[in-house]
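# Architecture at a glance
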Amino acid sequence: MRPKRGQQPPSTKVQLLTDYTYILVGAAFVAIAFNLFLLPNKIASGGVSGISTIVAHMIGIEPAFTQWALNIPLFILGILLLGGLKYGIKTLVGTLFLPFVVYFTRDWSVGFEDALLGALFGGIGVGIGIGLVFRARASTGGTDLAAQIIQKYTGLTLGAAVFIIDGLIVITSAFTFGIELALYALISLYVTGKTVDMVQVGVGYAKVALIISNHQEEVRQSLLRDVDRGVTKLSGYGGYTDEERDVLMCVVNQTEVTKLKQVVKTVDPKAFVVVTNATEVLGEGFKRA
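Residues numbered from 1 in each chain as written. Predicted model: local features only at pLDDT ≥ 70, side-chain atom pairs only at ≥ 80, totals over all residues. Heavy atoms only, no water.

## Points about the UniProt feature "transmembrane region" (unreviewed entry) in the protein chain
With numbering aligned to this structure, UniProt lists the feature "transmembrane region" (unreviewed entry) at residues 20–37, 68–89, 115–134 and 155–187. In the segment residues 20–37, helix accounts for 100% and strand for 0%; the C-alpha atoms at its two ends are 25 Å apart. Helix makes up 100% of residues 115–134 and strand 0%, and the two end C-alpha atoms of the span are 27 Å apart. (UniProt positions renumbered as here; feature names shortened; annotations may be inferred. Helix = DSSP H or I, 4+ residues; strand = E, 2+ residues; numbered from the N terminus.)

Here's what the structure looks like:
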């Protein structure tokens, strides 16, 4: 497939509509997964939702009320301490809408309770929702803002701050619900992280081929002509010979890998070829950023 040229970026209005759609649908996914799988199985897998799960089972306060009570002050604190309206209206929408859906769907049920299934499917649902919100360059607020405040005033990395907050919530759940359910919460956290990655970069892995050949120009021409993909020359040196050798780099879809290898083998059977995964490829001929 030839790279598609001349594609115009979407208009600002269309992009804004797309972003808000992602936020609303994503927040709904998080809320429904929370009510169907996490809350009934007492799985407090970090974040404000985890805190609301603990509070709901300890003193009976509706999770949505706890989430509003924590999210709104954290959003205001983020504006005051992190400099201006940094998070914008989109994050405020996610912050307010998620607890609303949690309250609206509070009586929904899948008809069974199973901690392992709850951890797995709850983690997947929350991961899909958070991934969609992230694609809109927003967040659902909560402990993400708390982590950024900690990062600013302690020097910790954002990842470390998130780990500390989620870790404390999971430890609290261990004392509240028992160690077994806390371990299920860790499973849910892991599944959520992997699902967010999948939503962000997609499941259609591309492949990167690195090719070293004594017939470099013939290989390059064949890839351009027969595989119909661009080729980039990278400068390199042989570790054994210490001679300068150009390396050809070609990015292809999974379905084109076999054809690429056949083309290279036909031109130079002795070529050295390395094929590895590329989790996301942006640009002409692939997907737009």
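## Observations concerning the pattern of salt bridges
The full count for this structure, using the stated rule, is 4 salt bridges. With its nearest N and O atoms 3.2 Å apart, the salt bridge here joins lysine 90 to aspartate 19. Pair noted here: lysine 90 is in helix H4 (residues 88–104) and aspartate 19 is in helix H1 (residues 12–38), with a separation of 71 residues, a long-range link. Here lysine 90 matches aspartate 19 in class, with each residue buried. In this structure, arginine 229 engages glutamate 256 in a salt bridge whose closest nitrogen and oxygen atoms are separated by 3.2 Å. With arginine 229 in the loop between helix H9 (216–227) and strand E2 (232–237) and glutamate 256 in the loop between strand E3 (244–253) and helix H10 (257–267), this pair connects stretches of sequence that are 27 residues apart. The same class applies to arginine 229 as to glutamate 256, namely buried. (Salt bridge = Lys/Arg side-chain N within 4 Å of Asp/Glu carboxyl O. Buried < 20%, exposed > 50% of the residue type's maximum accessible area, 1.4 Å probe, protein only.)

## Examining the environment of isoleucine 89
Along the polypeptide, isoleucine 89 turns up in helix H4. We classify isoleucine 89 as partly exposed; its relative accessible area is 48%. Between the C-alpha atom of isoleucine 89 and that of alanine 138, which follows or precedes it by 49 residues, the distance is 9.0 Å.

## Observations regarding the confidence of the model for the protein chain
When the pLDDT values of the protein chain are averaged, the result is 86; 89% of them are 70 or greater. Confidence scores differ between elements of the protein chain, with helix H6 (residues 143–154) showing the lowest mean pLDDT of 81 and helix H2 (residues 47–59) the highest of 94. The low-confidence segment residues 1–8 (pLDDT under 50) makes 14 contacts with residues lying over four places distant or belonging to another chain. (pLDDT = per-residue confidence, 0-100. Contact = heavy atoms within 4.5 Å.)

## Quick look at the sheet that holds E2
Taken in spatial order, the 4 strands of this open sheet run E2-E3-E1-E4, and their pairing is antiparallel. The strands lining the two open edges of the sheet, one partner per strand, are E2 and strand E4 (272–278). The mean angle between the axes of side-by-side strands here comes to 25°, regardless of whether they run parallel or antiparallel. Of the pairings in the sheet, the one linking strand E1 (residues 206–212) to E3 comprises 6 bridges and is antiparallel in character. The residue bridging alanine 209 from the neighbouring strand is cysteine 250, located in E3. Against the sheet, H9 touches E1, E2 and E3, its axis set at about 10° to E3. Running at roughly 150° to E3, H10 makes contact with E1, E3 and E4 of the sheet. (Pairing = 2+ DSSP bridges. Axes fitted to C-alpha atoms, helices over the stretch in contact; angles between N-to-C directions.)

## A short note on the packing of H1 against H4
Packed helices, taken two at a time, are described by the angle their axes make and the gap between the axes. Relative to each other, H1 and H4 sit at 30°, their axes nearing to 8 Å. In this structure, H1 meets H4 at a crossing whose hand is right-handed. Of the residues in H4, those in contact with Asp19, Tyr20, Ile23, Leu24, Ala27, Ala28, Val30, Ala31, Ile32, Phe34 and Asn35 of H1 are Ile89, Lys90, Val93, Gly94, Phe97, Leu98, Val101 and Val102. Residue classes in the contact of H1 with H4 are distributed as 15 nonpolar, 2 polar and 2 charged. (Left-handed = near helix turned anticlockwise from the far one by under 90°. Nonpolar A, V, L, I, M, F, W, Y, C, P; charged D, E, K, R; others polar.)

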